[in-house]
2 protein chains.
Amino acid sequence: MTPSITPNATVANPLFDQKASSEVDVLIIGAGPAGLMAAACLARYGVHNVRIVDKRATKIFTGQADGLNPRSLEVLQALGIGTQVIAEANELGEICFWNPNETGRINRTARIPDTIPEISRYRQSTVHQGRIERMLLDTIASWSSAPIGDESTQSRKTPITVERAVCPDLITLPSSTASALSDSPQDRVVVRLRHLSEAEAKPAQFSPLAPDGLFRSNMFEDDALDAAPKDLPQKEVLEEVHCRYVIGADGARSWTRGAVGLKLEGESSDFFWGVVDGVPATDFPDIRMRCAIHSAESGSMMVIPREKDLVRLYIQIPQPRKGQRPNRADVTPEKLMAAANSIIAPYTINIPKIEWFTCYEIGQRLADKWQKFNRVFIAGDACHTHSPKAGQGMNTSMADTFNLSWKIAHVLQGKAHPKILDTYEIERAQVAAELIEFDQKFAALFSGKPAKDVLDESGISLQEFQQTMEKGNQFASGTSVDYQPSALVAKRGSPHQGVENKPELAEKLSVGPRLYSHQVVCLADARPYHIADLAPADGKWRLLIFGGDITQYSGCKGRLEKLAQFLGESPQSPIKKYTPPGQETDSVIDTITILASPRVSLEPDAFHTVLRPIKGKHGFRSYQKIFTDDQSYHLGHGHAYQKYGIDPKVGCVVLVRPDQYVSLVTDMSDHAGIAAFFEEFMLPRNTTSALVPQMAQIAI
Amino acid sequence: MTPSITPNATVANPLFDQKASSEVDVLIIGAGPAGLMAAACLARYGVHNVRIVDKRATKIFTGQADGLNPRSLEVLQALGIGTQVIAEANELGEICFWNPNETGRINRTARIPDTIPEISRYRQSTVHQGRIERMLLDTIASWSSAPIGDESTQSRKTPITVERAVCPDLITLPSSTASALSDSPQDRVVVRLRHLSEAEAKPAQFSPLAPDGLFRSNMFEDDALDAAPKDLPQKEVLEEVHCRYVIGADGARSWTRGAVGLKLEGESSDFFWGVVDGVPATDFPDIRMRCAIHSAESGSMMVIPREKDLVRLYIQIPQPRKGQRPNRADVTPEKLMAAANSIIAPYTINIPKIEWFTCYEIGQRLADKWQKFNRVFIAGDACHTHSPKAGQGMNTSMADTFNLSWKIAHVLQGKAHPKILDTYEIERAQVAAELIEFDQKFAALFSGKPAKDVLDESGISLQEFQQTMEKGNQFASGTSVDYQPSALVAKRGSPHQGVENKPELAEKLSVGPRLYSHQVVCLADARPYHIADLAPADGKWRLLIFGGDITQYSGCKGRLEKLAQFLGESPQSPIKKYTPPGQETDSVIDTITILASPRVSLEPDAFHTVLRPIKGKHGFRSYQKIFTDDQSYHLGHGHAYQKYGIDPKVGCVVLVRPDQYVSLVTDMSDHAGIAAFFEEFMLPRNTTSALVPQMAQIAI
């Protein structure tokens, strides 16, 4: 299914109505978590010439993913919806391990915290994927309808909405990799979109009893229900979209992936599992805990307590015979619940109303490449598939496009060189590979039969299972991601010249991972703030200036003053170089000054204006800019310096990417290093802002 | 304006269209914070035959009250909207006092925390009254449209909505106090409602520059813009409503109050103030703090930072001459801002866009009585008026009807004897009297000119002002309210027989105030919960069973088992006596068991079912019922026993009212006392639930 390379397809193809041809900056294919996260971020960053299409006629209301890891909650909070998600979600408290005792009866053998303490300010939670999608849709609508007072966004008459029952069926790529650095019209990606009938866009349902997800199941591939429609009937509504960028977030059976010649590689196992959602009536005491249950002879089960008293059960389905798959007729709610009752015996469980069910064969697959010409990107399940029990699908998918979209926005807005797009695959493919590796081990141990004793070599060690799950819990939190050296991550091996990362200045804060959030107190209003809330996902870089204790140490005071002078006045200042004329001082690079002096020893107005910019024609001041690491009245002391390992006598500068990952730690006086970091990939702005004003000007 | 006592007014009065006559359980007059809180609570408690009318054609969008004290946030959280309110509100950090120095220049002389630490889990916050009203309206709509799964509420086809541009103009009372105990039709209160034209219902505006609240101002009473229309034109739409109860929440110039012959008593001062809302451009460094500024010669000002960068300024208006009021022409945004600049000099402040402004004369007035025949109640500004600077108006008004509405619901639902309605005036009039007393002192000190030196007797002491404000801060938090002994508060002086309050069992938890909320950990899901979140405003009583450390002390274990047996099995059990047949075990009195044993030493299913009831025909279990005072994985240890002063070897029982106020502390074995407490006012339920099934049966 290699794409035909036919430039000027609009003119050449007589099938098209000339009117149905349009240009977009970004076309997003697929409105699941990955696609919606991309659209939400782009809307938030002010990229509004965006379309998002989905072949399904309606959004989902039940089933599918339900786990949100702490990092996803951090990301959602950065988009302004964390509080709302948390209010609706079920926080998971504890993981309980239930294993057979000598008599074969299951009993609780261990408990561990569901979220590793201190790993994030949020905890692993569960809420229906449809609710997350709803909130992302609201975010898209809200940010793409020209918010008042944010001058960095373009106005748009109508908000971006998902175009449903719309499906791509032809893609035409530019001629070569070199086109990635060109903005000329012939280097657009051309996608032909087909508007489906309602019947085509509605997934088939197989169970008369409850909504099911079998149409997506990888256990019954021969049905191929999710494949793209192949026949092109007469009188089809077709249109052609010329795209600067395409994001294929169209799921495990991604059409985009195949259309641009990328492959998903990997294997499936012989392990089969069913999934059932509903409110249970049960005497099992740990039904509100996440439970990993290994029965002696009846297979395994995972219990995931969810919002609104719901519980999700992952229930192992016996394999009829080696090499064989279960029949579809064996995947019914009744048979799944019967299997659950065998596993959980002597307890019983009944779900009077099944909300949703499905089944899957465990398998792990990874895309060989994540982009074509840095013009078409794939993300989410299109890049990585694995078993759902570790709750990583929705999380990793949203993280993919959270990583990608600020980079695309930076390029489109003329802020950065397109080479930063290389970092998408570099950064995300490694995370996906780690996930696949973990899932292979975890799934085999979960699906295996417990060893009867140490001599039982065919059985799995329950101790090893527990250790794997405990270790996997760190990974599954999403907080241990550590991006590689690149133009965006200035650690050993990065391409920067004249930039030296100095990890010793912040010993507990690494370059590569996301910034851990601690509490600081604002000078202007005496209130405690989480640093992460000062660095929302608004597309800005953050320069965290840990100025030290300027009251006690005159060296700190001097270094802060000199840094502020550099940032505010020098022509080499990245704030000066990269902020387009006429835009706010903090619109590209935002400073957050965090001191180590007692709050009452500091006056909020005694700082250089670059650290507390005056905004707009009326002269409004910025108030949430200068902070101190001090006691708050009501929420204690954040001890940020101590927890980051920063010496209050020395201080440091921490540069944080728009997606909250740490790019650089250096000293207060390293003005040249800060400038050089940005020079590696940012484009100086001497003109007023417009989309892609300079991309074509770059020497290749 | 004494009401005419004409029973059967429907038949007698030829002016009425017979069709426009209806019956309601509760008619609420006025849709400000007090009226909406009443409607929200009644909707939540399942009283759905309710109407709420307001003479204004539209709800307010700017101005008016903006302060929410910690207790109001607790109440809003109990109604399920606390998180949303907090997300929108501006939390106040610090109060700064700015006073003239020897040269007459203002400078910051002191700082105190805005909310006294440890007083509540919430902090004093500001958000526009219109937003609170919006969220209360959403709450009303949501609860009055027959929520799924809550069998205690009656179904209702359409949600309760505010009927705007509707105004009462005639009230007919029952013939005597004795009628308060009767449910016969002739003892209804009959209110005639007039449907206004748009012109009549729209408040006049006086400023061409910005929305103003002058139509409500008490400085220009001769305009009487807020008084009820007096003439009754031809072709008027009139209707007559027969009401079991009427709540007059119709503001400082309450029509209801006058119509039933109650009076507002008190005096006005010669202090005049203006109010301006907007986003300021200023070099005053503490503009995001609450500031009390006394200038040397130019009067005083209060700064209140609000949501969305807004600030409210309370600006003193000079009195032209003793005994004289300022002219209306002197109350313009320009003149108010000029006064603000004089006070704040040498700093300057400019508000480019005034959102709203108004003015008022400081005065304190209190209603002589709060009810008529326990059938018509007044609440909010109808009962108490005072200066707005202490931020008590909206808070106290909402607290009034939060107190009243569960009592009305209890009577209407046949749960309790109507005599509990006596406690409304007893409890709330005292709070209002304390507020008036505080405000008199505070307002005089704020409006007074600072003393030049200790010999300047005409000037006020700035030290005394600060002390008054600090002391008032406790009161203003709303958390120090301590209700008097009554049928609902079993402390010395209450009418109960055989009930003995035992404060020594919980030394830091008093009978009379609201229950302070601490964190406990749930056995079933290992998560931390705030006790207040387990006791939402759902109309239920809560029996908090502090069972002690049942793992270590067999005495505790035995007492808990005996108490559970009593509650679950004895015919004397209040749960048995007062829960209507067919309703859930916890629908009237809900138990929350809080133990002092290590969590992992306890099994969640090892308790009597009365403590963890099984619900519905499918046998769903209750999971958030049994807790322990232990470390949580992520949010520390609540130390609830220690903080309440309860001995883990002994334990106790704490009985909490539906509005979260503490009724009784007694020992685990005092089964008779617990029973006797409820016997004082509750009505045994031997029939299925219906509104007012037994009120008429009570022997008077």
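Keep in mind that what you see is a predicted model, and the values were worked out from it rather than measured.

Draft legend 1. Broad picture of the overall build of chain A. For chain A, the helix and strand inventory stands at 16 helices and 30 strands. Of the contacts formed within chain A by residues at least 6 apart in sequence, a portion of 76% connects residues at least 24 apart. Put simply, chain A shows about 26,400 Å² of open surface, and 51% of that area lies on carbon and sulfur atoms.

Draft legend 2. Representation of the confidence of the model for chain A. Residue and element names in this part refer to chain A. Averaged over all residues, the pLDDT of chain A equals 89, while 90% of them reach at least 70. Across residues 147–154, confidence stays below pLDDT 50; counting only partners more than four residues off in sequence or on other chains, it has 11 contacts. Predicted confidence is poor over residues 222–235, with pLDDT under 50, and the contacts of this stretch with residues over four places away or in other chains come to 23 contacts. What the predictor reports for the complex is a pTM of 0.92 with an ipTM of 0.91.

Draft legend 3. Inspection of the packing of aromatic side chains at higher detail. All names here are of chain A. If you walk through the whole model with that rule in mind, you get 52 aromatic pairs over all chains. Seen from their ring centres, Phe 678 and Phe 681 are 6.2 Å apart, and the 45 degrees between their planes marks the pair as tilted. Take Phe 678 and Phe 681: they sit in the same class, and that class is buried. Ring pairs connect the aromatic residues Phe 97, Trp 273, Phe 438, Phe 442, Phe 446, Phe 465 and Phe 475, which therefore count as one cluster. Here Arg 44 stacks its cationic end above the ring of Trp 143, 3.7 Å away from the centre of that ring.

Draft legend 4. Representation of the interface of chain B and chain A. Every contact between the two is made by 42 residues of chain B and, on the other side, 42 residues of chain A. Carbon and sulfur atoms supply 55% of the area buried between chain B and chain A, which totals about 3,700 Å² over both sides. For chain B, the biggest contributors to the area lost against chain A are Arg527(B), Tyr633(B) and His634(B); these three give 16% of the whole. Run the count over chain B and chain A and you get 4 salt bridges.

Draft legend 5. View of the packing of helix 13 (residues 554–569) of chain B against helix 16 (residues 671–679) of chain B. Residues and elements named next belong to chain B. Across the interface, helix 13 lies against helix 16 with an axial gap of 11 Å and an inter-helix angle of 35 degrees. The interaxial crossing formed by helix 13 with helix 16 has right-handed handedness. Facing helix 13, whose interface residues are Lys 562, Leu 563 and Phe 566, helix 16 presents His 671, Ile 674 and Ala 675. Class assignment of the residues belonging to the contact of helix 13 with helix 16 gives a composition of 4 nonpolar, 1 polar and 1 charged.

Draft legend 6. Highlighting helix 3 (residues 70–78) of chain B. All names here are of chain B. For helix 3, the tally of buried residues reaches 9 of 9 residues, placing the bulk of the element in the interior. Among all positions of helix 3, only Pro 70, Arg 71, Ser 72, Leu 73, Glu 74, Val 75, Leu 76, Gln 77 and Ala 78 are buried. Positive phi appears at Gly 80, one or two residues downstream of helix 3, with a value of about 90 degrees.

Draft legend 7. Up close: the relation of the copies chain B and chain A. Once chain B is rotated about the relating axis by 180 degrees and shifted along it by 0.0 Å, it coincides with chain A to within an RMSD of 0.0 Å. Expressed as an axis order, the relation between the two copies is that of a two-fold axis.

Draft legend 8. Main features of the side chain of Asp286(A). All names here are of chain A. As for its placement among the helices and strands, Asp 286 is situated in the loop between strand 13 (281–282) and strand 14 (290–294). Within polar-contact distance, the side chain of Asp 286 engages the side chain of Trp 98 at 3.0 Å. Once residues lying within four places of it in the same chain are set aside, the contact partners of Asp 286 are Cys 96, Trp 98, Arg 108 and Cys 291.

Draft legend 9. The arrangement of the environment of Gln319(A) in detail. Residues and elements named next belong to chain A. Along the chain, Gln 319 turns up in the loop between strand 16 (311–317) and helix 8 (333–344). Residue classification places Gln 319 among the partly exposed residues on the basis of a relative accessible area of 26%. Gln 319 sits 36 residues away from Glu 355 along the chain, and the two C-alpha atoms are 25 Å apart. If sequence neighbours within four positions are ignored, Gln 319 has contacts with Asp 270, Phe 272 and Gln 324.

Draft legend 10. Focus on the sheet that holds strand 5 (residues 94–100) of chain A. Residue and element names in this part refer to chain A. Taken together, the 8 strands give an open sheet; going across it, the order is 6-5-14-15-16-12-18-21, and neighbouring strands pair in mixed fashion. Only two strands of the sheet have a single partner each, and these edge strands are strand 6 (106–113) and strand 21 (384–385). Across 5 bridges, the pairing between strand 15 (residues 300–305) and strand 16 is antiparallel. Residue pairing in the sheet places Ile 304 in a bridge with Arg 312 of strand 16. Across the face of the sheet, helix 10 (residues 422–447) comes into contact with strand 12 (264–278), strand 14, strand 15, strand 16, strand 18 (354–367) and strand 21 while running at roughly 120 degrees to strand 18.

Draft legend 11. Quick look at the domain arrangement of chain A. All names here are of chain A. Each assigned domain of chain A is listed here: domain 1 (17–89 + 124–146 + 155–264 + 365–418) and domain 2 (503–680). Centre-to-centre separation of domain 1 and domain 2, based on C-alpha positions: 35 Å. With 13 residues of domain 1 at the interface, the matching set in domain 2 holds 13 residues. Contact with domain 2 buries surface across domain 1, with Arg 71, Ala 78 and Trp 406 losing the most and accounting together for 40% of the total. We note a salt bridge from Glu 74 to Arg 514, for which the minimum N-O separation is 2.6 Å.

Draft legend 12. Layout of the pattern of salt bridges. All names here are of chain A. In total, this model carries 92 salt bridges over all chains according to the counting rule given. The closest approach of N and O atoms between Asp 66 and Arg 306, which form a salt bridge, is 3.4 Å. Highlighted residues: Asp 66 in the loop between strand 2 (50–54) and strand 3 (67–68) and Arg 306 in the loop between strand 15 and strand 16, separated in sequence by 240 residues. According to the relative accessible area criterion, Asp 66 is buried, its value standing at 6%.

Draft legend 13. Structural detail: the environment of Ala672(B). All names here are of chain B. Relative to the helices and strands, Ala 672 is located in helix 16. A residue is classified by how much of its surface remains accessible, and Ala 672, at 56% relative accessible area, is exposed. Distance in space between the C-alpha atoms of Ala 672 and Thr 348 is 68 Å, their sequence separation being 324 residues.

Draft legend 14. Main features of helix 16 of chain B. Burial of helix 16 of chain B is extensive: 7 of the 9 residues sit out of reach of the surface. Residues of helix 16 of chain B that are buried in the fold lie against strand 24 (541–548), helix 13, helix 14 (574–578), strand 25 (589–595), strand 29 (652–656) and strand 30 (662–666) of chain B.

Draft legend 15. Expanded view of the UniProt feature "domain: Phenol hydroxylase-like C-terminal dimerisation" (unreviewed entry) in chain A. Within this numbering scheme, the UniProt entry marks residues 481–685 of chain A as carrying the feature "domain: Phenol hydroxylase-like C-terminal dimerisation" (unreviewed entry). Measuring from the first to the last C-alpha atom of residues 481–685 of chain A gives 32 Å, for a span that is 19% helix and 19% strand.

Draft legend 16. Region of the structure containing the pairing of strand 14 of chain A. Residues and elements named next belong to chain A. Counting buried positions over the 5 residues of strand 14 gives 5, a clear majority of the element. Burial along strand 14 is two-sided: Arg 290, Ala 292 and His 294 facing one way and Cys 291 and Ile 293 facing the other are all buried. Counting the residues that bridge the hairpin from strand 14 to strand 15 gives 5 residues, and of these Gly 299 lies at a positive phi of roughly 95 degrees.

Draft legend 17. Representation of unusual backbone geometry in the model. Residues and elements named next belong to chain A. With an omega of 15 degrees, the peptide bond running from Ala 345 to Pro 346 counts as cis. Along the polypeptide, Pro 346 turns up in the loop between helix 8 and strand 17 (349–350). At Asn 374, a residue that is not glycine, the phi angle is positive and equals roughly 50 degrees. Topologically, Asn 374 is positioned in the loop between strand 19 (371–372) and strand 20 (376–378). Assessed through its relative accessible area of 10%, Asn 374 is described here as buried. With a phi angle near 75 degrees, Gln 660 is a residue other than glycine that sits in the positive phi range.

Draft legend 18. Region of interest: the state of the cysteines. Enumeration according to the criterion identifies 0 disulfides over all chains in this entry. Summary of cysteine pairing: Cys167(A) is not part of a disulfide, and the nearest cysteine sulfur, belonging to Cys243(A), is at 14 Å.

Draft legend 19. Main features of the packing of helix 2 (residues 33–45) of chain B against helix 9 (residues 393–412) of chain B. Residues and elements named next belong to chain B. Packing of helix 2 against helix 9 brings their axes to within 8 Å, and their N-to-C directions diverge by 30 degrees. The angle between helix 2 and helix 9 places the two elements in the roughly parallel class. With respect to the hand of their crossing, helix 2 and helix 9 are arranged in right-handed fashion. For the pair formed by helix 2 and helix 9, the contact residues are Pro 33, Ala 34, Met 37, Ala 38, Cys 41, Leu 42 and Tyr 45 on the first element and Met 394, Ser 397, Met 398, Thr 401, Phe 402, Ser 405, Trp 406, Ile 408 and Ala 409 on the second.

Draft legend 20. Focus on the sheet that holds strand 30 (residues 662–666) of chain A. All names here are of chain A. Strand order in the open sheet formed by 7 strands is 23-22-28-25-24-29-30, and the pairing between neighbours is mixed. Looking along the sheet, the strands with just one partner apiece sit at the ends: strand 23 (528–530) and strand 30. Direction aside, neighbouring strands of the sheet carry axes that sit 30 degrees apart on average. Both strand 24 (residues 541–548) and strand 25 (residues 589–595) contribute to a ladder of 7 bridges, which runs parallel. Bridge assignment links Ile 545 to a residue of strand 25, and that residue is Thr 593.

Cut-offs and rules
Residues numbered from 1 in each chain as written. Chains lettered and ligands numbered in written order. Predicted model: local features only at pLDDT ≥ 70, side-chain atom pairs only at ≥ 80, totals over all residues. Heavy atoms only, no water. Helix = DSSP H or I, 4+ residues; strand = E, 2+ residues; numbered from the N terminus. Contact = heavy atoms within 4.5 Å. Areas by Shrake-Rupley, 256 points an atom, 1.4 Å probe, with all protein chains shown as cover. pLDDT = per-residue confidence, 0-100. Phe/Tyr/Trp six-rings, centres within 6.5 Å; stacked < 30°, edge-to-face > 60°. Buried < 20%, exposed > 50% of the residue type's maximum accessible area, 1.4 Å probe, protein only. Lys NZ or Arg CZ within 6 Å of the ring centre and 35° of its normal. Buried area = accessible area lost by both parts, 1.4 Å probe. Salt bridge = Lys/Arg side-chain N within 4 Å of Asp/Glu carboxyl O. Axes fitted to C-alpha atoms, helices over the stretch in contact; angles between N-to-C directions. Left-handed = near helix turned anticlockwise from the far one by under 90°. Nonpolar A, V, L, I, M, F, W, Y, C, P; charged D, E, K, R; others polar. Least-squares fit on C-alpha atoms with pLDDT ≥ 70 in both. Polar contact = N/O pair within 3.5 Å; in protein donor to acceptor, adjacent residues only side chain to side chain. Pairing = 2+ DSSP bridges. Domains from an automatic or database assignment. UniProt positions renumbered as here; feature names shortened; annotations may be inferred. Disulfide = S-S within 2.5 Å. Parallel < 35°, antiparallel > 145°, perpendicular 65-115°, else oblique.

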